[in-house]
Each structure stands twice: as C-alpha cells, then as structure tokens.
Amino acid sequence: MDIKTLVLALALGNFSLCAALFFYQQQEVRSAPSAGLRSWRIARQLQAVAWGLLYLRGALPDFLTIPFAYAVLFSGFAFDASAWWELAGRRVWRRYLLPALGVSIGLFTGAWLLDMPAGDRIGIAALVAGFFALASAGALGRGWRRGTLLRRYLVLSTLSLTLVVVLRGVLAVLLPDGAEWLSPALVQAAGIVALYLLTFGNVFGYLLLSREQQESELARLEVADPLTDVPNRRGFYLALAPWIALARRPGQPTALILLKFDDFKRINEHYGHPVGDLVLKTLVEVCQKQLRDSDLMGRMGGAEFAIQLPRTGQEDACMVAERIRLAIAALPVKAGKAVINMTASLGVTTIRPDDAAVSLFKRADEALQQAKREGRNRVVAADSTPEV
Ligand SMILES: Nc1nc2c(ncn2[C@@H]2O[C@H](COP(=O)(O)OP(=O)(O)OP(=O)(O)O)[C@@H](O)[C@H]2O)c(=O)[nH]1
C-alpha cells in the first residue's frame, strides 16, 4: 500500500464515520449521548476534510492542500483531544487546547509563507500531531489506576505511536536525506502508518471506552441512589447481608439505624421539589460526617435512610444516632434564599442471631414509628434481646 492510498483511506474512513454518526444522532435525543461526542464528531468531520484535501495535493491549489489542509487537520486533532478530556469529565481542559491550536496553525502557516524546506514543515506537523495525541493520552491516563485493560491498552498504544510520529518529524528535520538503511521513504511510511493507527485506535477506542463508561455507570445506578450517591435499597441490602450472616457467630454485633427526616413533605410543599432535593443531599452529608469509614448509609426511599454500624453494640449505636440527630437539628440548611431547619427521627437496633433482613428492618421501623409518635426529633432503641 503506498502513502497516497493510506491518505485516501484516512479520508474515506473518517467520511464513512461521519455518515454513520449522522444516522446515530437521529436517536441521540432518546438515549443520553456520551460526554465529548460532539467534539469527537467535529474531529471526524475536520479530519475527513483535511485528509481529502491532502489526497488532492497537486490537483488543487497549494494554498488549499498545504496550509489550509493542515490547519483543518490540526483542528481535528485538537477536537479529538478535547473529546477525551470531556469523556474524562474535565471539560475545562478545552480552554488550554485552543491557544495550542492557534500556535500550531500559526507556526505551520508561517513556515509555508517563509518557504521553509518541506522537512521543517513535516517536523512542525509531526510535533503538533504528537502534542495533541499526548494530550489525549493524558486524559486517558487519568483513570489508569482504576482503569480497565482497554483503557491501559489505549494509553500505551497512543504513547508508542505518538513516539513514532514525533520521531518521523525529528528525522525529517535532522536527516532530510536519510541515512544508510533509514531512507526518507521508509521514515515517511512509518510516520503515516503510525498516524493511521493512531487515528483509528482513537476512533474505536473512544467508541468502546464511552460504551464501557456508560455500562459501568448503569451498573452503579443499579445499587446507588442518583440523588444522594449513597447505596439505594438494593445496594444497602447487598452490603448488609454478610453482617446478618455473621450475627450467628459469637462476637460484636452490627447495629442498624433507621432514620427518617421529619415533615419532609412540608419542604417540598413550601419550597418546591428541587429545594427538597438539595436539602436531602445536604442532610446526607451531615449524617455521613458523624459516621466511621466502616459504617454505611443507604437510602431506603423518599426521606428514609438506613445506616449499618459493624461491630457496634446497641448503646454505642444509640450514641451515634443521638449525635446524628443533634447534628441535623443544629444545622440550618441553606437552599437559595431559604434557610431551613430540619429534624429527624431515628430507630436503633442490633442484628440478632435469628434475624433475617425483614425481621431486622421491622424492629428498626417499629422503633422509628415510636419516635415519630412520641413527637419526632428523637432516638428510640428497639429491644434487641432475642424472643424466647
Ligand atoms: N425533594 C424530594 N422529595 C422526596 C423525594 N423522595 C420522596 N420525597 C418526598 O418526601 C416526602 C415524604 O413524606 P412522608 O413519608 O409522608 O412523611 P413526612 O412528610 O416526611 O412526615 P413524617 O415522616 O410523618 O415526619 C413526600 O412528600 C415525598 O414526595 C426526593 O427524592 N426528593
């Protein structure tokens, strides 16, 4: 395959992706688009045009196929890097890519206007491609420690291909006529192949990684509450199950606190649902500050939450519950212009050896209901001694 064919393949590949994306977008309003998809789409369009122009070198005026084509290509690289940063949740990095793009286009166009040797222009273009590829690798590398194999592969392949592209540029400047077996044609072929692999590694990597991110977010939402980010009922039950099983063995018990904010309906009615949401989020943070790292708070639904406290007896659990109650009552929640005073009622129990989740929650709920009946804003302990 000669270089021209590879350039054509790059143009056609990007064009066909643009077409596929056009049809995909007809559905996008129905499903949540991945972060960065817009930038990624613009990158494909720009790169398709740029490679198309580069392919037509000789058939069109030089102005179009050299400085203009490279300016469009650099913009495509910049949008690619931007898409990766957006996918990593750091949109702010786009701000730094724009000036870098301006400098890149200025340098390349300047070299063309000054009629510098083609090798120097190639050097500039390779460095620009390398810079934006490194920026993409930086965004990808942010998730390295917790990253999947796919992410790690993409980081390493991007870095090694970037190295080849940059080397190609350096050699074009330092050894324009090649040396021994390192002919200019070989260096050029290695550079364009690396760029080809970089482009399509980027294309499929982005698609696969955004799909992977969406799937892991969906899996997280199965066990987490999207508003407060604590485990939902299902997640909490899953985390509690081993402690229920352990209660059959001798040792320190695990305590359960059931907490419900008082008169929460009033907040929604007076201030509206969005303020109610904000209050819930703030109150969960207030409660979590009173807990140990080993404790776990989960949302059972509405304004009701549960807290598991491993290796904690009833007396200590009551102390924690009282601390939480006081912290909630002491802190007025600011939501916009409103300052809202909240209280909560709490029922406390410990897991008995004969408990199942149903009996455990029933007992904690009875204690909670008693706290509500007795006037709210209080802690009630259930009787945790096993029935005989
Ligand atoms: N803002 C907001 N409100 C919610 C959410 N989930 C449930 N609620 C509201 O929470 C309120 C819970 O009300 P109830 O269970 O009747 O009890 P309460 O008003 O808190 O009163 P008591 O428990 O009797 O002290 C209802 O008005 C629900 O609409 C939510 O995610 N956000």
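The model shown is predicted, which means the values in this text are computed figures rather than measured ones.

Analysis parameters
- Along each chain, residues carry numbers from 1 onward, in the same order as the chain's sequence is written.
- Only residues with pLDDT of at least 70 are given local features in this predicted model, and only at 80 or more are side-chain atom pairs given and counted; all residues enter the totals for whole chains, interfaces and linings.
- Hydrogens and water are ignored here; the side-chain numbers use all heavy atoms of the structure.
- What makes a nonpolar core is a set of buried Ala, Val, Leu, Ile, Met, Phe, Trp, Tyr and Cys residues whose side-chain atoms join them at distances within 4.5 Å.
- Relative accessibility decides the category of a residue: with a 1.4 Å probe and only protein chains considered, values under 20% of the type maximum give buried, values over 50% give exposed, and everything between is partly exposed.
- Contact criterion: two residues are considered in contact whenever any of their non-hydrogen atoms come within 4.5 Å of each other.
- Runs of E in the DSSP output that reach at least two residues are strands. Runs of H or I that reach at least four are helices, and both are numbered from the N terminus.
- To estimate how far a helix should extend, the number of its residues minus one is multiplied by 1.5 Å.
- Near, as used in this document, describes a residue that has one of its heavy atoms within 4 Å of the molecule or strand being considered.
- Polar contacts, as counted here, are pairs of nitrogen or oxygen atoms within 3.5 Å of one another; within protein the pair requires one atom able to donate a hydrogen and one able to accept it, and residues that are adjacent in sequence qualify only if both atoms are side-chain atoms.
- Here the Shrake-Rupley method, with its probe set to 1.4 Å, supplies the accessible areas, and only the displayed protein chains count as covering residues.
- For two strands to be treated as a pair, DSSP must find at least two bridges joining them.
- The term salt bridge refers to a pairing of a side-chain nitrogen on Lys or Arg with a carboxyl oxygen on Asp or Glu at a separation within 4 Å.
- Axis definition: a line fitted to C-alpha atoms, over the contacting stretch in the case of helices. Angles run 0 to 180 degrees between N-to-C directions.
- The scheme is simple: roughly parallel for angles under 35 degrees, roughly antiparallel for over 145, roughly perpendicular for 65 to 115, oblique for anything else.
- It is the rotation of the near helix from the far one that decides the hand of a crossing: anticlockwise by less than a right angle makes it left-handed, clockwise makes it right-handed.
- Under this grouping Gly is polar, as are all residues other than the nonpolar Ala, Val, Leu, Ile, Met, Phe, Trp, Tyr, Cys and Pro and the charged Asp, Glu, Lys and Arg.

Colleague: Can you tell me about the nonpolar core, naming the residues and giving the values?
Modeller: Side chains of nonpolar character tend, in soluble globular proteins, to be buried together. Residues W40, W51, Y70, F74, W84 and F132 are the most contacted members of the largest nonpolar core, which totals 52 residues. Filtering out sequence-adjacent residues up to four positions away, Y70 remains in contact with L54, F108 and A125. In terms of nonpolar packing, the next biggest core, distinct from the first, is built from 34 residues, V230, A255, V275 and I328 among them.

Colleague: Which residues make up helix α2 (residues 37-55), and what values go with them?
Modeller: Look at α2: 27 Å from first C-alpha to last across 19 residues, which is about the 27 Å you get at 1.5 Å a residue. Restricting attention to buried positions, one finds in α2 the residues L37, S39, W40, A43, R44, Q47, A48, A50, W51, G52, L53 and L54.

Colleague: Explain the environment of L60 to me, using residue names and the numbers behind them.
Modeller: Tracing the backbone through its elements, the reader meets L60 in the loop between α2 and α3 (62-87). On a C-alpha basis, the gap between L60 and W181 in space is 34 Å, while along the polypeptide they are 121 residues apart. In contact with L60, not counting residues within four places along its chain, are L53 and T65.

Colleague: Explain the site of the ligand to me, and be specific about the residues and the numbers.
Modeller: Taken together, 16 residues are adjacent to the ligand, and K260, F264, D277, R299 and R376 come closest. Residue R299 places a side-chain N or O atom 2.8 Å away from an oxygen atom belonging to the ligand. In the environment of the ligand, an oxygen atom lies 2.9 Å from a nitrogen or oxygen atom belonging to the side chain of K372. Here the ligand loses 71% of its free accessible area of 670 Å² to cover by the protein chains. Elements that contribute at least two residues to the shell around the ligand include exactly β1 (255-261), α9 (264-271) and α10 (273-289).

Colleague: Describe in detail the pairing of strand β2 (residues 296-301), supporting the description with residues and values.
Modeller: As paired elements, β2 and strand β3 (residues 304-309) share five bridges and run antiparallel to each other. Bridge pairing in β3 links M297 to I307. Counting the residues that bridge the hairpin from β2 to β3 gives two residues, and of these G302 lies at a positive phi of roughly 50°.

Colleague: Give me the lowdown on the pattern of salt bridges, citing residues and values where you can.
Modeller: When the charged atoms of two side chains with opposite charge come close together, those side chains can pair. One pass over the full model with this rule turns up 11 salt bridges. For R220, the salt bridge goes to D229, with nearest N and O atoms at 2.7 Å. The salt bridge partner of R363 is D355, with a shortest N-O separation of 2.6 Å. The two residues R363 and D355 agree in class, both being buried.

Colleague: I'd like a rundown of the packing of helix α6 (residues 149-174) against helix α7 (residues 184-223), residues and numbers included.
Modeller: Two numbers describe how α6 lies on α7: the axes approach to 9 Å, and their chain directions differ by 155°. Considering the angle they form, α6 stands roughly antiparallel to α7. For the pair α6 and α7, the crossing hand works out as left-handed. Along the lines of polarity and charge, the residues of the contact of α6 with α7 split into 14 nonpolar, seven polar and three charged.

Colleague: Give me the lowdown on the sheet that holds β1, citing residues and values where you can.
Modeller: Pairing is mixed across the open sheet formed by five strands, whose spatial order is β2-β3-β1-β6-β7. Looking at which strands have only one partner, the edges of the open sheet turn out to be β2 and β7 (379-381). In this sheet, adjacent strand axes meet at a mean angle of 20° when their direction is disregarded. Relative to β3, β1 is paired through six bridges, and the arrangement is antiparallel. Each bridged residue has a counterpart across the sheet, and for A255 the counterpart in β3 is L309. Against the sheet, helix α11 (residues 314-330) contacts β1, β3, β6 (344-350) and β7, and its axis sits at roughly 170° relative to β6.

Colleague: Quick rundown of the packing of α3 against helix α4 (residues 94-113)? Include the residues and the values.
Modeller: Their axes nearest at 10 Å, the elements α3 and α4 cross at an angle of 165°. As the angle between them shows, α3 and α4 are arranged roughly antiparallel. Where α3 crosses over α4, the handedness of that crossing is right-handed. Its residues assigned to classes, the contact of α3 with α4 shows 14 nonpolar, four polar and three charged.

That's the geometry; what it means functionally is another story.
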